[in-house]
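# A look at the structure
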Amino acid sequence: SFRDALKGYLINPEKYSEDIIFHDKDVVIVKDRFPKSLCHLLVLPRDLQLSKSKPWALNAEVKAKLEPYIEMALNYVFKTFTKEYELKEEVKVMPFYTKAQFHNRDYFIENFTQVGIHIVPSMNNLHVHVMTKDFHSERLKNKKHYNSFTTEFFVLWDRLPLQNVDSKHMEDTVIKKSDLKCCFCKANFKNRFSELKLHLDHEFGKRFVECSI
Ligand code: GMP
């Protein structure tokens, strides 16, 4: 089923060299094929038993093993974004007020990236999302896509593990009923997804411009 689409990366990373930015015997880091932000990676532990476990239950021991790989993914995200985009310095709006902040790895990561898991994953193999928080992507096509990364449906790495999870509440209420709120300015678009999309384009364009090479 499509839910097993990530499994190939674990078993045979050599076969997917276009998608994969790093692998060793324990972990694969792959580009999300349907990225919901400009930089969107997945960190996948290769152990098949671990791969089957619930992401919200990730314990401290497993987290400690994955953390160096998450750092690696964050570095990649930082380098890629700051290579491809520039900050429009004349517009002083969060998350960056200055070019120095934009080019400061720690500041960039703290203010413009997120690491975490979907509380109810759509794919069977355990994966951790590492991404920028621009949500500037053609692949972001509906309310579910947006809310799955911007509400408590997305569990930040530092909050793991959770003790128990009400999956039905998460899917029925959090995803479907939460208003669409702009991740930059918090403007509330209620249920109006296409308006949110236009607004996100605007918010992006206010801050960033593609580097001319
Ligand atoms: O939460 C699952 C994530 O996996 C989503 O962000 C999807 O966009 C992503 N995804 C689904 N199928 C594939 C695939 O075949 N390859 C990759 N790299 N990502 C996928």
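Everything in this summary refers to the structure shown in the same document. Only a predicted model underlies this, so the values are computations on that prediction, with no experimental measurement involved. (Residues numbered from 1 in each chain as written. Predicted model: local features only at pLDDT ≥ 70, side-chain atom pairs only at ≥ 80, totals over all residues. Heavy atoms only, no water.)

Quick look at the sheet that holds strand β7 (residues 154-156) now. Here six strands make up an open sheet; going across it, the order is β1-β2-β3-β6-β5-β7 and the pairing antiparallel. Two strands bound the open sheet, and with one partner strand each, they are β1 (20-23) and β7. The average undirected angle you get between the axes of adjacent strands in this sheet is 30°. Pairing between β1 and strand β2 (residues 27-31): three bridges, direction antiparallel. (Pairing = 2+ DSSP bridges. Helix = DSSP H or I, 4+ residues; strand = E, 2+ residues; numbered from the N terminus. Axes fitted to C-alpha atoms, helices over the stretch in contact; angles between N-to-C directions.)

M94 connects to P95 through a cis peptide bond whose omega is 10°. In this fold, P95 is placed in the loop between β4 (85-87) and α4 (99-102). Following L160, the chain continues to P161 via a peptide bond in cis, the omega torsion being 0°. Tracing the backbone through its elements, the reader meets P161 in the loop between β7 and α7 (167-177). We note that F135 has phi near 50°; this positive angle belongs to a residue other than glycine. Positionally, F135 belongs in the loop between β6 (128-132) and α6 (143-150). By relative accessible area, which is 2% here, F135 ends up buried. (Buried < 20%, exposed > 50% of the residue type's maximum accessible area, 1.4 Å probe, protein only.)

As a matter of local geometry, the ligand sits amid 16 residues, with Y9, K31, D32, R33 and H127 nearest to it. The side chain of Y9 places a nitrogen or oxygen atom 2.8 Å from a nitrogen atom of the ligand. A distance of 3.3 Å is found between an oxygen atom of the ligand and a side-chain nitrogen or oxygen belonging to K36. Across the complex, the protein chains shield 91% of the 440 Å² of accessible surface that the ligand would expose by itself. When each cavity is represented as a set of grid points, the ligand is found to reside in the second largest pocket. Elements represented by at least two residues in the shell around the ligand include exactly β2 and β3 (40-45). (Near = heavy atom within 4 Å. Polar contact = N/O pair within 3.5 Å; in protein donor to acceptor, adjacent residues only side chain to side chain. Areas by Shrake-Rupley, 256 points an atom, 1.4 Å probe, with all protein chains shown as cover. 1 Å grid on protein atoms, 1.4 Å probe; cavity = no way out; pocket = protein on both sides within 12 Å on 5 of 7 lines; lining within 4 Å. Sits in = over half its atoms within 2 Å of the grid points.)

Moving on, we come to α6. Buried within α6 are the following residues: K143, Y146, N147, S148 and F149. Looking at the buried side of α6, the elements it contacts are β3, β5 (113-118), β6, β7, α7 and α8 (193-207). (Contact = heavy atoms within 4.5 Å.)

This part covers the environment of W157. Within the secondary structure, W157 is located in the loop between β7 and α7. By relative accessible area, W157 is classed as buried at 6%. For the pair W157 and K63, spaced 94 residues apart in the sequence, the C-alpha separation amounts to 8.6 Å. The contacts of W157, once residues within four sequence positions are left out, are L58, K63, L66, E67, I70, V115, G116 and V128.

Counted as a void, the largest pocket has a volume near 920 Å³. Forming the walls of the largest pocket are 34 residues, and the residues nearest its centre are E110, T113, Q114, K133 and L156. Mapped onto the lining of the largest pocket, the elements with two or more residues apiece are α3 (60-84), α5 (105-112), β5, α6 and β7. Sorting elements by how many residues they give to the lining of the largest pocket places α5 first, with six residues. The residue makeup of the lining of the largest pocket, split by class, is 16 nonpolar, seven polar and eleven charged. (Points joined across faces, edges and corners; volume = space filled by probe spheres on them. Nonpolar A, V, L, I, M, F, W, Y, C, P; charged D, E, K, R; others polar.)

Here we take up the nonpolar core. By size, the foremost hydrophobic cluster in this structure holds 54 residues, and its most contacted members are V43, F81, I119 and F208. When residues of this core are assigned to their parent elements, the largest contribution, nine residues, is made by α3. For F81, the residues in contact, after removing those within four places along its chain, are L38, C39, F102, F108, F112, T132, D134, F204 and F208. With nine residues, the next largest nonpolar core counts L6, L10, I20 and L44 among its residues. (Core = buried A, V, L, I, M, F, W, Y, C linked by side-chain atoms within 4.5 Å.)

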